[in-house]
Amino acid sequence: MPVTKEQVIDRLRTVNDPELHRDLVTLNMVKNVAVCDGVVSVDIELTTPACPLKDQIQKEVQAAVKELDGVEEVGVNFSANVAAASPQQRAAKSNPLPGVKHIIAVGAGKGGVGKSTVAVNLAVGLARAGAAVGLMDGDIYGPSLPTLLGLDQHKPQMAQGNMIVPFEVHGIKTMTIGKLVEPDKPLIWRGPMAHGAFKQLATQTDWGTLDYLIIDLPPGTGDVPLTMSQLLPLTGAVVVCTPQKVAQDDARRAIAMFRQLDIDMLGVVENMSYFIGEDGKEYDIFGRGGAETMAQEMGVPFLGAVPINMALRANSDAGNPTANFTDDPKLAGELDSVVKTLAGQVSVHTLSGAYVQPTISIS
Ligand code: ADP
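Just so it is clear, the structure is predicted and the values come from calculations on it, not from any experiment.

Draft legend 1. Inspection of the confidence of the model for the chain at higher detail. Across the chain, the average pLDDT comes to 90, with 95% of residues at or above 70. Ranking the elements of the chain by mean pLDDT puts helix 3 (residues 87-91) last with 59 and helix 4 (residues 115-129) first with 98. Long-range and interchain partners of residues 355-363, a stretch whose pLDDT sits below 50, account for 3 contacts in this model, where long-range means more than four residues apart.

Here it is, written out as structure tokens:
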């Protein structure tokens, strides 16, 4: 008896998405099955092009389908369609950015921990994986993106209807207040002005259709996160933290702030985690693992560690984040791992919500 498509689909029901803990058929990830003389081809649509577990899914699909008598070869073809936040979540507030599937804030308890650097590399890494990505400089007091993205020679343009056209660099769309005001001008905002500046950047930039919009927040727990939480339906927030105790204390406050604003925590990144010397030894300058422990204690996923890396600093100063992913395979691997873990968390967060049954408590 030749193998049928139905038999293959039945086997695929035994393969769970490793993060979503439901089978690929139920999750509607199997888009096509073709069978020809013992050669099976399966098309799987992932929930993000930056899927951290693609290889594992491929192996498990092949193993499951090969158990059928008569199957000699199993080809797995991947595509990706970023699963948008649930309709309820998107409609929960009047959404000024309906074309954006996920808005992710990147915050930190204090300045100088590498929040903007991490935000830039998350955005560029997601774009390199194949996603449509925007990066907004929400740090209206100290915008770093003109430097980190090398925007010196770029001039802002107005599109129709008073919208600003975002810059397109390193595969992402981006906008920053730093390119809309004179350089070196102090950015002093009273509360309502800060609110207005943030709102304009978010809603008057012509972001178009995006899978992910990353927002680089100012450090600390000021006005801007409050404005953001009232204005935008966020998928969640990432907190960047260095390992030292003082940094952890401030990061805990940032996490508590997001929770108070009803913004889910997607994870913590430990930046400047350790340093690899020329002797090849790893030096735990700031106490490697401190931010990871803090994340565990706060019940927040840990997205990974980025070591102190001179090339990362130099590429940041030179406005060339793409080089972080092309020049040094070790650095690229470390950044990619954080990018993929975040993308996985976004999918888990989105799709687990879709399958959670409402619980009714009767008192
Ligand atoms: P924040 O946004 O938290 O104020 P930045 O992202 O502006 O911090 O980073 C502060 C400085 O530290 C920048 O010069 C940046 O290039 C550097 N930096 C950030 N992370 C690293 C790292 N992992 N290795 C080396 N330098 C880093």
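Draft legend 2. Structural view of the pattern of salt bridges. This model, assessed by the stated rule, comprises 13 salt bridges. Among the charged side chains, a network of salt bridges with common partners joins Lys 110, Asp 250 and Arg 253.

Draft legend 3. Expanded view of helix 10 (residues 310-317). Of all the positions in helix 10, only Leu 312, Asn 315 and Ser 316 are classed as buried. Looking straight down helix 10, one finds its buried side chains confined to an arc of 100°; they lie on one side. Facing away from the buried side of helix 10, by more than 90 degrees, are the exposed residues Met 310, Arg 313 and Asp 317. Phi turns positive one or two residues past the end of helix 10, at Gly 319, with a value near 70°.

Draft legend 4. Geometry of the site of the ligand. The environment of the ligand is formed by 16 residues, the closest being Gly 112, Gly 114, Lys 115, Ser 116 and Thr 117. One of the backbone nitrogen or oxygen atoms of Ser 116 is found 2.8 Å away from an oxygen atom of the ligand. Separating an oxygen atom of the ligand from a side-chain N or O atom of Thr 117 is a distance of 2.5 Å. Across the shell around the ligand, the residue classes break down as 6 nonpolar, 8 polar and 2 charged.

Draft legend 5. Representation of helix 9 (residues 290-298) within the structure. Taken together, the buried positions of helix 9 are occupied by Gly 290, Ala 291, Met 294, Ala 295 and Met 298. Seen from one end, helix 9 has its buried residues packed into an arc of 135°, which puts them on one side. Turned more than 90 degrees off the buried face of helix 9, the exposed positions are Gln 296 and Glu 297. Tucked into the core, helix 9 has its buried residues touching strand 11 (236-241), helix 8 (245-260), strand 12 (265-276) and strand 14 (302-308). Immediately downstream of helix 9, the backbone of Gly 299 shows phi near 70°, a positive value.

Criteria and cut-off values
- Each residue is numbered by its place in its chain's sequence as written, counting from 1.
- Residues qualify for local features only when their pLDDT is at least 70, as the model is predicted, and side-chain atom pairs are given and counted only at 80 or more; totals for whole chains, interfaces and linings, by contrast, use all residues.
- To get the side-chain values, take all heavy atoms of the structure and skip hydrogens and water.
- In predicted models, pLDDT denotes the confidence assigned by the predictor to each residue on a 0 to 100 scale.
- Secondary structure elements are taken from DSSP: a helix is a run of H or I of four residues or more, a strand is a run of E of two residues or more, and numbering for both begins at the N terminus.
- The criterion used for residue contact is that any of the two residues' heavy atoms lie within 4.5 Å.
- Salt bridges are counted wherever a side-chain nitrogen of Lys or Arg sits within 4 Å of a carboxyl oxygen of Asp or Glu.
- Relative accessibility under 20% of the residue-type maximum defines a buried residue, over 50% an exposed one, and the middle range a partly exposed one, all with a 1.4 Å probe and only protein chains included.
- Taken from the helix axis, the directions to the C-beta atoms give the arc we talk about.
- Distances are taken per atom, and a residue is near a molecule or strand as soon as one of its heavy atoms is within 4 Å of it.
- A 3.5 Å cut-off defines polar contacts: any pair of N or O atoms within that distance qualifies, except that in protein one atom must be a possible hydrogen donor and the other a possible acceptor, and neighbouring residues in sequence count only when both atoms are side-chain atoms.
- Under the grouping applied here, Gly and all other residues not named as nonpolar or charged are polar, the nonpolar ones being Ala, Val, Leu, Ile, Met, Phe, Trp, Tyr, Cys and Pro and the charged ones Asp, Glu, Lys and Arg.

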